Amino acid sequence: MKAGIFYGSTTGNTANIAEEIAKAMGIGAADIHDVSKASPDDAKAYDTLILGSSTWGAGELQDDWFNFLDALSKSGLKGKKAAVFGCGDSSSFPDTFCDALRIISDAVSGAGCEMVGAYEPEGYDVTDSNVCKDGKFVGLAIDEADTSKNAERIEKWTSRLKSELA
Ligand SMILES: Cc1cc2nc3c(=O)[nH]c(=O)nc-3n(C[C@H](O)[C@H](O)[C@H](O)COP(=O)(O)O)c2cc1C
């Protein structure tokens, strides 16, 4: 199982979380890709894609993801596994909290990826944004409104991911 991380980040928050996830998953620096600099073809090297985006506008992808996601979805993803993560702010944007995770999840699952890393959310005030699907969050939602839980959430999510990918 070879995993690569692809992330888009405007102010660096999702980039930092990408580093933390990489550390916890044992993924090296060469396998962490900023989508503003990467090619969708870089994804071909991996069995598992860990895809991260912050949410901007009102529930939109981080800017660098728009063209990248479109091209990635057309690049032949069948047979790969994928997980999503990203940063948002449940206090200022409760209705669109971390919606970008759902946009990416829907796009790559529609392109043939098997999704992993969904979980029952605990300790979040908001569960009615699109990040929530069938009572679960589609991926790791990091909340700017409560960063004290970041380390614990990353630890729990990556442990779960490791067992799902084992
Ligand atoms: C103009 C603006 C719009 C935003 N829209 C959303 C949103 O719809 N949903 C959300 O969860 N967070 C939203 N956020 C919060 C960002 O996602 C949050 O600041 C995040 O940590 C940025 O991560 P980055 O540095 O990786 O880009 C918004 C922030 C700004 C400034």
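Let us look at the structure shown here. As the structure is a prediction and not an experimental result, all values here were calculated from the model.

Conventions we followed
Residues numbered from 1 in each chain as written. Predicted model: local features only at pLDDT ≥ 70, side-chain atom pairs only at ≥ 80, totals over all residues. Core = buried A, V, L, I, M, F, W, Y, C linked by C-beta atoms within 7 Å. Buried ≥ 20, exposed ≤ 12 C-beta atoms within 10 Å, placed from the backbone. Helix = DSSP H or I, 4+ residues; strand = E, 2+ residues; numbered from the N terminus. Contact = placed C-beta atoms within 7 Å. Expected span 1.5 Å × (residues − 1). Arc of directions from axis to C-beta. Pairing = 2+ DSSP bridges. Right-handed = clockwise from strand over helix to strand, strands pointing away.

### Quick notes on the nonpolar core
L101 and I104 are the most contacted members of the largest nonpolar core, which has 47 residues in total. Sorting elements by how many residues they give to this core places helix α3 (residues 99-110) first, with 6 residues. When neighbours within four sequence positions are excluded, I104 is seen to be in contact with L51, S53, L69 and V84.

### Points about helix α4 (residues 150-165)
With 16 residues, α4 should cover 22 Å at 1.5 Å per step; its first-to-last C-alpha distance of 22 Å lies within 8% of that length. Of all the positions in α4, only R153, W157, T158 and L161 are classed as buried. Along the axis of α4, the buried positions cluster into a sector of 120°, meaning they face one direction only. Along α4, exposed side chains directed more than 90 degrees from the buried face belong to A151, E152, E155, S159 and S163.

### Looking at the pairing of strand β6 (residues 81-88)
With 8 of 8 residues buried, β6 is to be regarded as a mostly interior element. A two-sided burial pattern is seen for β6, the buried positions comprising K81, A83, F85 and C87 on one face and A82, V84, G86 and G88 on the other. Bridge analysis of strand β3 (residues 48-53) against β6 gives 5 bridges, and the strand direction is parallel. From the neighbouring strand, L49 faces β6, where its bridge partner is A82. In the sheet, β6 pairs with strand β7 (residues 114-115) via 2 bridges, with the strands oriented parallel. Across the sheet, residue K81 finds its bridge partner in β7, namely E114. Following the chain from β6 across α3 to the adjacent parallel β7, one finds a crossover that is right-handed. By the bridge criterion, 4 bridges tie β6 to strand β10 (residues 140-143) in an arrangement that is parallel. Bridging across to β10, G86 finds its partner in A141.

Read these as layout, nothing more, since geometry by itself doesn't imply function.
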